[in-house]
Amino acid sequence: MLKHTFCHIPRIGATTEQRYWDKGLKHWDIAASSIGEAALGGKTAWVRQHLDESHERLETGDAHWFDSRLPSGESWRLFGEFRDRVAYVDIETTGLTYGEDHITTIALSGAGEVKTYVYGDNLDEFQDDIRAFDVISTYNGKCFDVPFIERSFGIRLDMGHIDLRYVLKKIGFSGGLKSIEKQMGIGRDDLEGVDGYFAVILWHEYQNTGNPAALETLLAYNAADVISLESLMVHAYNTLLDETPFADGNRQEERPALTVSHEPDRKLVDKLMVRHGLF
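What counts and what doesn't
Residues numbered from 1 in each chain as written. Predicted model: local features only at pLDDT ≥ 70, side-chain atom pairs only at ≥ 80, totals over all residues. Heavy atoms only, no water. Helix = DSSP H or I, 4+ residues; strand = E, 2+ residues; numbered from the N terminus. Buried < 20%, exposed > 50% of the residue type's maximum accessible area, 1.4 Å probe, protein only. Contact = heavy atoms within 4.5 Å. Areas by Shrake-Rupley, 256 points an atom, 1.4 Å probe, with all protein chains shown as cover. Lys, Arg positive; Asp, Glu negative; His and termini not counted. Charge placed at Lys NZ, Arg CZ, Asp CG, Glu CD. Expected span 1.5 Å × (residues − 1).

Colleague: Pulling in residues and values, what's your account of the overall build of the protein?
Modeller: On a plain count of helices and strands, the protein comes out with 12 helices and 5 strands. Considering only C-alpha atoms, the protein reaches an extent of 70 × 40 × 30 Å along its principal axes. Residues counted as buried form 50% of the 279 residues belonging to the protein. Considering only intrachain contacts with a sequence separation of at least 6, the fraction spanning at least 24 residues in the protein is 64%. With the model as given, the accessible surface of the protein reaches about 13300 Å², and the carbon-plus-sulfur share is 46%. Between the averaged position of the 29 positive side-chain charges in the protein and that of its 45 negative side-chain charges there is a distance of 7 Å.

Colleague: Go over helix 10 (residues 196-209), please, and point to the residues and values.
Modeller: Between its first and last C-alpha, helix 10 extends 20 Å over 14 residues, near the 20 Å set by a 1.5 Å rise per residue. Those residues of helix 10 that fall on the buried side of the exposure criterion are Phe198, Ala199, Val200, Ile201, Leu202, Trp203 and Glu205. The inward-facing, buried residues of helix 10 abut strand 1 (86-93), strand 2 (103-110), strand 3 (113-118), helix 11 (212-241) and helix 12 (266-275). Just downstream of helix 10, glycine 210 is the residue with a positive phi angle, here 75°.

Written out as structure tokens, the structure is:
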């Protein structure tokens, strides 16, 4: 979809982009042809100049350049070109306030594997591993996960960012991630009922008792969040693609879910829910 996109060019909005498509200018490469020149008119040199840079940026994997220029809500267009370089990321914390609270675990799914990181153990490895990717995908990460990560590590995640909270809203889904999963038929099995609040309970249980089952359950929950993100991303991408003239040949296929090495302890979950009055 990205090579059919013109609205990342300054002074080219959605209406103008649609007009280009209607006139036959449906791909960057057509801009160099007589069809492209007829569609572009007085903007021919301007658009061609920016498309030359677009080709260069795409070749170097500079997803951030495109993301920073795409209109709000259009970051989904990155997915087709960058799918194999997307990192799905989710964090758990002791609370919502940076400075008072800290990251407990991070899950990262990308390049065919799921990695988890734990405070006091291997958390620092995340900041090196994330650099292998050109795009980060989250759910509500623009508001929470990414700022919290950047402050905690003192780094900038200067890559493309597809926040599925906003992408899914474009196709009619809103609410929390677990709610949307249920609407789309994605279940959590032994993690049913576990949420961000309960993740804090699991962390404190692990810290207070050293029970490895509490940490394993927390990591299984954290990993489940990122595992579902790719499936949601594929669904959203294909749905939005169907609203353009470019669905044929560009739709993305579902891939088998990645295996997670962490196993939740349902008996522990039930015990803690009773203890904290969550039943």
